[in-house]
Amino acid sequence: MHNINELFEMLDSNNDAEIQIAGIEEAKQIKFFSILFQPVENKSVWENCAKVIVTKSNSELYESILDMFEWLRDLNWPGFQIILKRLKQFPVQTISYWLSYSIKKARMEKDDLWLVGLSYLCTEREVYNRLNRKEKRIMWKTMKKMNITVSYEEEKLNALKLYLEQKDTTIE
């Protein structure tokens, strides 16, 4: 295994794909992987660090789940989509707890951009429904501003469409 400095150089997104893939595979062997959470020294490694992080099991990631929520502070950060997708694989109860915590923290910090990132977790109705009334209102306003919708189960959506058609009303 390369030393950590060489490994981070391999993870740089400016490298050829072969070097990055080799770096990702080697980084998967790191036992104490918290060093992969948005290293401040080089933002161009974040995407590949996220690719390594998401290979870990829920139990391995549980201690670092708040770091994953922090990654959602900016939609433009490398690795945002990768981390978001992995967070959605956690049990709803786990996501809901840390989502509530992160919403409160984002509000205290007046970080509207983070609320936008967090709102992408609320597209799952089950997650959204577990929020308290105030959190739902915050997320709803944020989602409305960004034109993000909460998903419906297919059957419920079809039933709603049918009902609205009978009332001569349509939905987009």
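Residues numbered from 1 in each chain as written. Predicted model: local features only at pLDDT ≥ 70, side-chain atom pairs only at ≥ 80, totals over all residues. Heavy atoms only, no water.

Caption draft 1: Spotlight on the layout of surface pockets. Space inside the second largest pocket adds up to approximately 220 Å³. Lining the second largest pocket, in full, are Arg-107, Asp-112, Leu-115, Val-116, Lys-134, Arg-137, Ile-138, Lys-141, Thr-142, Lys-145 and Met-146. Of all the elements, helix α10 (residues 133–146) adds the most residues to the lining of the second largest pocket, at seven residues. Tallied by class, residues from the lining of the second largest pocket come to four nonpolar, one polar and six charged. (1 Å grid on protein atoms, 1.4 Å probe; cavity = no way out; pocket = protein on both sides within 12 Å on 5 of 7 lines; lining within 4 Å. Points joined across faces, edges and corners; volume = space filled by probe spheres on them. Helix = DSSP H or I, 4+ residues; strand = E, 2+ residues; numbered from the N terminus. Nonpolar A, V, L, I, M, F, W, Y, C, P; charged D, E, K, R; others polar.)

Caption draft 2: Representation of the environment of Val-52 in the model. Along the chain, the position of Val-52 falls in helix α3 (residues 46–53). Val-52 sits in the buried class, given a relative accessible area of 0%. In this structure Val-52 touches Ile-24, Ala-27, Lys-28 and Leu-36, once residues within four positions along its chain are discounted. (Buried < 20%, exposed > 50% of the residue type's maximum accessible area, 1.4 Å probe, protein only. Contact = heavy atoms within 4.5 Å.)

Caption draft 3: A look at α3. With six of eight residues buried, α3 lies mostly within the body of the structure. Regarding α3, the residues found buried are Trp-46, Asn-48, Cys-49, Ala-50, Val-52 and Ile-53. Elements in contact with the buried residues of α3: α1 (4–11), α2 (17–27), α4 (58–61) and α6 (80–87).

Caption draft 4: Local environment of α6. Most of α6 sits out of view: six of its eight residues are buried. Those residues of α6 not exposed but buried are Phe-80, Ile-82, Ile-83, Leu-84, Arg-86 and Leu-87. Buried residues along α6 sit in contact with α3, α4, α5 (65–70), α7 (92–108) and α8 (112–119).

Caption draft 5: Summary view of a positive patch on the surface. A cluster of basic side chains, namely Arg-107, Lys-110, Arg-133, Lys-134, Arg-137, Lys-141 and Lys-145, defines a positive patch on the protein surface. Looking at which element gives the most residues to the positive patch, the answer is α10, with five residues. For Arg-107, the location among the structural elements is in helix α7. Take Arg-107: its relative accessible area is 45%, and that puts it in the partly exposed class. (Patch = residues over 30% accessible without salt bridge, like charges linked within 9 Å, V, L, I, M, F, W, Y side chains within 5 Å. Areas by Shrake-Rupley, 256 points an atom, 1.4 Å probe, with all protein chains shown as cover. Salt bridge = Lys/Arg side-chain N within 4 Å of Asp/Glu carboxyl O. Lys, Arg positive; Asp, Glu negative; His and termini not counted. Charge placed at Lys NZ, Arg CZ, Asp CG, Glu CD.)

Caption draft 6: Summary view of the environment of Lys-105. With respect to the secondary-structure elements, Lys-105 resides in helix α7. The spacing of Lys-105 and Leu-115 is ten residues in sequence and 9.6 Å in space, taken between C-alpha atoms. When sequence neighbours within four positions are dropped, the list of residues in contact with Lys-105 reads Glu-70, Arg-73 and Trp-114.

Caption draft 7: Region of interest: the packing of aromatic side chains. Counting across every chain of the model gives eight aromatic pairs. Between Tyr-128 and Trp-140, the aromatic rings sit 6.4 Å apart at their centres with planes inclined by 55°, giving tilted as the arrangement. Remark: Trp-140 occurs in helix α10 and Tyr-128 occurs in helix α9 (residues 125–129); sequence separation between them is twelve residues. Of the residues examined, Tyr-128 reaches a relative accessible area of 10% and is grouped as buried. Three or more aromatic residues joined by ring pairs make a cluster, and in this case those are Phe-33, Phe-37, Trp-46, Trp-71 and Trp-77. Sitting over the ring of Phe-90, Arg-86 keeps its end group 4.9 Å from the ring centre. (Phe/Tyr/Trp six-rings, centres within 6.5 Å; stacked < 30°, edge-to-face > 60°. Lys NZ or Arg CZ within 6 Å of the ring centre and 35° of its normal.)

Caption draft 8: Highlighting the packing of α8 against α10. The interhelical angle for the contact between α8 and α10, taken along N-to-C directions, is 90°, at an axis separation of 9 Å. Comparing their axes, α10 and α8 come out roughly perpendicular. Contacts from Leu-115, Val-116, Leu-118 and Ser-119 of α8 reach α10 at Ile-138, Met-139, Thr-142, Met-143 and Met-146. Classifying every residue of the contact of α8 with α10 gives seven nonpolar, two polar and no charged. (Axes fitted to C-alpha atoms, helices over the stretch in contact; angles between N-to-C directions. Parallel < 35°, antiparallel > 145°, perpendicular 65-115°, else oblique.)

In short, the description is geometric, and any link to function would need to be established separately.
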